[in-house]
Amino acid sequence: MEITFTVLLWAVRIAFLVLLYLFLVRAFAGLWREMRTEEAAPARPGGLAYLVVQRTHAGGPRSGERLSLRAVTSIGRDGGNDVVLNDEAASARHSLVSFSDGEWWIEDAGSTNGTVVNGTKIWQRERLHYGDEVAIGRIGLRLEQA
Amino acid sequence: MIRLRAVPRFAELRLLVVVAALLVLGYVAVVASAVASFSATPVVVPITFIGLALALHLFLVVRGTRGDQLLLPLALALTAIGLIEVQRLAPERLALQQLTWCAIAGAAFVVAMLFPRDLSVLSRYKYTWALAGVALLISPLLPGIGREINGARIWIGVGNLFQFQPSEAVKILLVVFFAAYLDEHREMIRSSPRRFGPIPVPPLPYLLPILLMWGIAMIVMVFEKDLGATLLFFGIFLAMLYVATGEGFYTILGAAMLIAGGVLAYQAFGHVQARVDTWLAPFDEELRFGPSFQLVQGLFAFANGGLLGAGLGNGMPERIPIVWSDFVFAAFTEETGFVGGLALLALYLVFVFRGMLIALRAPTTFLQLLAAGLAFIVAFQTLVIVGGNAKLIPLTGVTLPFVSYGGSSLVTNFLLTALLIRVSDITARVRGGP
């Protein structure tokens, strides 16, 4: 009886340690999964903000379409851009929209026809506020909060 | 009010099931080993705690909290180990008291998840928080409410009923303030500092708080005789300065100032001398059964533990004085061995790593600094007390986060966990992820 009790007690003690390690392994696994999903995150749709298509033409994006923005988003006609605009007046690499220090910024990426913000052609990196109108080629876009 | 949109948190729930089983097994082992007397406490404590854990989980689900699902189980696992150890080591009434503190900490967690509704309040009123922190810090020095316990004047109390260690709460206020302050002055980071030869001269917005913090740290060391808090406050500050600026020199400068202050204090003050002497030669004839008795007994406990430990409830940790607060790590390691001690440290590692990941991903500089500072509190405090137990550094009376007996510490650590989960929640919302 006494011996059974001792053996049982030791079984409980060892089970405690095994369980502690089980918890640890699961916690590490959770951490690992988290880091993996983080690496895959940029490919996921849905971003910090949207450019909503205001003005377009046949062959271009649909009106009202929401183009989601990431920390750095390149816009242009070329298929390699994050946002591809099918518009003859847009350059292959037209503009760059970025998010830093809690603000949105836009710059022209050396386009032929230029980038226009609220009716003014920009010559350097400019702040972009929510609600601002951006014109790239013949397409009009508006920055909206996600 | 807050929109109720429940979000399932299955990963968290699965981990909590393991925590519950862990607590029950540990309790059974500890209680079955003590043949002395049976009472209702051993049944009440685990059941109440598991109920509390589930309640917190359900609260997060109902609140619609997204983001991290690891921190709450980790915090609760550590707290469960703390409860097991209190049951094992301390007088019975302390186990119930610790359980009460768990409930209060849980309530604090809920409140911190709900208020302030917008975390930017923390950065907007940063000087208010700083002022509150300083007031709390010096409150133990005030006659009437200040208490000196075990040689350190770091407690406030009303009558004999309620005692609180304000320096615990100050840590969080400090992190909030510095996150906001360094965020405000971050443009300094980009402009390279003026250099005096190879040495960068810190611009005034950095130099001023370095000096101020140094002064506060010295005051805490000299007047409140709290070496642990000194090390923590200054360490937190230096870590956040480094995270914000990436300038290693400031950290070296600050550390040098702290060491210089420490050397001066060693020359001038008895309580500092005593700590260092017991650390350097704990087995000294004169110290062995006097000031270094606790440390020596702790070292024996580590040795007794060996690789696999004496078995939970089977060691002799009660031979360490006040083992349930400062030496809980030594006691746990004696009974679960190197294997158990390592697992405990690994739990902290995961907690801190998770906190730092949250910091890296946070959408604004303020939230990044906030999360990094909070994670660093846990890391540094664990290092200081475990290092003190193991005679790696002089022993200072800080608590082992979540595990040590003590209410102020538990409440503070759950507030900290809540803030980290909130930052992660905000990040998940901004990114539109799960």
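About the criteria used
- Residues numbered from 1 in each chain as written.
- Chains lettered and ligands numbered in written order.
- Predicted model: local features only at pLDDT ≥ 70, side-chain atom pairs only at ≥ 80, totals over all residues.
- Heavy atoms only, no water.
- Helix = DSSP H or I, 4+ residues; strand = E, 2+ residues; numbered from the N terminus.
- Rg over C-alpha atoms; globule rule 2.2 N^0.38 Å.
- Buried < 20%, exposed > 50% of the residue type's maximum accessible area, 1.4 Å probe, protein only.
- Contact = heavy atoms within 4.5 Å.
- Areas by Shrake-Rupley, 256 points an atom, 1.4 Å probe, with all protein chains shown as cover.
- Salt bridge = Lys/Arg side-chain N within 4 Å of Asp/Glu carboxyl O.
- Phe/Tyr/Trp six-rings, centres within 6.5 Å; stacked < 30°, edge-to-face > 60°.
- Lys NZ or Arg CZ within 6 Å of the ring centre and 35° of its normal.
- Expected span 1.5 Å × (residues − 1).
- Pairing = 2+ DSSP bridges.
- Polar contact = N/O pair within 3.5 Å; in protein donor to acceptor, adjacent residues only side chain to side chain.
- Nonpolar A, V, L, I, M, F, W, Y, C, P; charged D, E, K, R; others polar.
- Axes fitted to C-alpha atoms, helices over the stretch in contact; angles between N-to-C directions.
- Parallel < 35°, antiparallel > 145°, perpendicular 65-115°, else oblique.
- Left-handed = near helix turned anticlockwise from the far one by under 90°.
- Bend = angle between axes of the 7 residues up to and from the residue.

*Asks:* Even after reading the chapter, I still don't get the overall build of chain A, so can you show me in this structure?
*Replies:* When helices and strands are tallied, chain A shows one helix and 11 strands. Mapped in sequence order, the helices and strands of chain A form the string α-β-β-β-β-β-β-β-β-β-β-β. Computed over C-alpha atoms, the radius of gyration of chain A comes to 27 Å, more than 25% over the 15 Å expected from 2.2 N^0.38 for 146 residues, which places it beyond the range of a compact globule. Taking the principal axes of its C-alpha atoms as reference, chain A extends roughly 90 × 30 × 25 Å. In chain A, which comprises 146 residues, the share counted as buried stands at 38%. For chain A, long-range pairs separated by at least 24 residues make up 36% of all intrachain contacts whose partners lie at least 6 apart in sequence. Here chain A displays about 8200 Å² of accessible surface, and carbon together with sulfur accounts for 57% of that area.

*Asks:* Sorry, what's going on with the pattern of salt bridges here?
*Replies:* Counted by the stated rule, this structure contains 12 salt bridges over all chains. Between arginine 9 of chain B and glutamate 12 of chain B there is a salt bridge, with the nearest N and O atoms lying 2.9 Å from each other. The residues arginine 9 of chain B and glutamate 12 of chain B share a single accessibility class, namely buried. Through salt bridges with shared partners, a single ionic network connects Glu34 of chain A together with Asp68, Arg354 and Arg361 of chain B.

*Asks:* Just checking my understanding: could you explain the packing of aromatic side chains for this structure?
*Replies:* For any pair of aromatic rings, geometry is given as the distance between the ring centres together with the angle between the planes. Using the criterion set out here, one finds 13 aromatic pairs over all chains in the structure. Ring centres of phenylalanine 177 of chain B and tyrosine 181 of chain B lie 5.7 Å apart, and the angle between their planes is 35°; on these two criteria the pair is classed as tilted. Placement of both phenylalanine 177 of chain B and tyrosine 181 of chain B in helix H7 (residues 166–184) is noted, with a separation of four residues, approximately one turn of the helix. Under the relative-accessibility criterion, tyrosine 181 of chain B is labelled buried at 10%. Every member of this aromatic cluster is reached through a ring pair, and the members are Tyr127, Phe177, Phe178, Tyr181, Phe234 and Phe237 of chain B. The ring of tryptophan 10 of chain A carries arginine 13 of chain A above its face, with NZ or CZ at 4.8 Å from the centroid. One cation-aromatic arrangement involves arginine 288 of chain B over phenylalanine 289 of chain B; the distance from NZ or CZ to the ring centre is 4.4 Å.

*Asks:* Can you walk me through helix H10 (residues 227–245) of chain B in this structure?
*Replies:* Helical geometry note: an α-helix holds 3.6 residues per turn, so side chains three or four residues apart project in the same direction. Across its 19 residues, H10 of chain B extends 27 Å between first and last C-alpha, which sits within 8% of the 27 Å expected from 1.5 Å per residue. One or two steps after H10 of chain B, the chain reaches glycine 246 of chain B, where phi turns positive at roughly 70°.

*Asks:* Sorry if this is basic, but what is going on with the sheet that holds strand E1 (residues 49–55) of chain A here?
*Replies:* Through backbone hydrogen bonds, the strands of a sheet pair up, either in parallel or in antiparallel fashion. Residue and element names in this part refer to chain A. Strands sit in the order E2-E1-E11-E10-E7-E8 across an open sheet of six strands; the sheet is antiparallel. In this open sheet, the two edge strands, each paired with only one partner strand, are strand E2 (66–69) and strand E8 (120–121). Of the pairings in the sheet, the one linking E1 to strand E11 (residues 139–145) comprises six bridges and is antiparallel in character. The partner of tyrosine 50 across the bridge, within E11, is glutamate 144.

*Asks:* Explanation requested: the pairing of E2 of chain A in the structure shown.
*Replies:* Along a regular strand, successive side chains alternate from one face of the sheet to the other. Residues and elements named next belong to chain A. In E2, alternate side chains face the same way, and those of Leu67 and Leu69 are buried while those of Arg66 and Ser68 on the opposite face are not. Bridge count for E1 against E2 is four bridges, and the pairing is antiparallel. Note that in E2 the partner of alanine 49 across the bridge is leucine 69.

*Asks:* Just checking my understanding: could you explain the interface of chain A and chain B for this structure?
*Replies:* As a measure of interface size, the accessible area lost when the parts come together is often cited. Of the residues lining the interface, 27 residues belong to chain A; the matching set on chain B comes to 44 residues. Our count for the contact surface shared by chain A and chain B stands at two salt bridges. Ionic pairing is found between glutamate 34 of chain A and arginine 354 of chain B, a salt bridge with its closest N-O pair at 3.4 Å. At the junction of chain A with chain B, the criterion picks out four residue pairs in polar contact (both at pLDDT 80 or more). When the residues that make up the side of chain A that touches chain B are grouped by side-chain class, the tally is 18 nonpolar, three polar and six charged.

*Asks:* So what exactly am I meant to see when it comes to the packing of helix H3 (residues 71–89) of chain B against helix H15 (residues 328–361) of chain B here?
*Replies:* Any two packed helices are characterised by how steeply their axes cross, that is the angle between the axes, and by the distance between the axes. Residues and elements named next belong to chain B. The contact between H3 and H15 brings their axes to 10 Å, and the two run at 160°. Between H3 and H15, the interaxial angle falls into the category roughly antiparallel. The way H3 lies across H15 gives a crossing that is left-handed. Between H3, through Leu71, Leu74, Ala75, Leu78, Ile81, Glu85, Arg88 and Leu89, and H15, the contact on the second element is made entirely by Val328, Ala331, Phe332, Glu335, Leu344, Leu347, Tyr348, Val350, Phe351, Arg354 and Ile358. Taken together, the residues of the contact of H3 with H15 break down into 15 nonpolar, no polar and four charged.

*Asks:* In this structure, what is going on with H15 of chain B? I would like to understand it.
*Replies:* All names here are of chain B. The terminal C-alpha atoms of H15 lie 34 Å apart, and with 34 residues this falls more than 12% below the ideal 50 Å at 1.5 Å per residue. Most pronounced at glycine 337, the bend in H15 amounts to some 130°. In terms of residue burial, H15 counts as a mostly covered element, since 27 of its 34 residues are buried.

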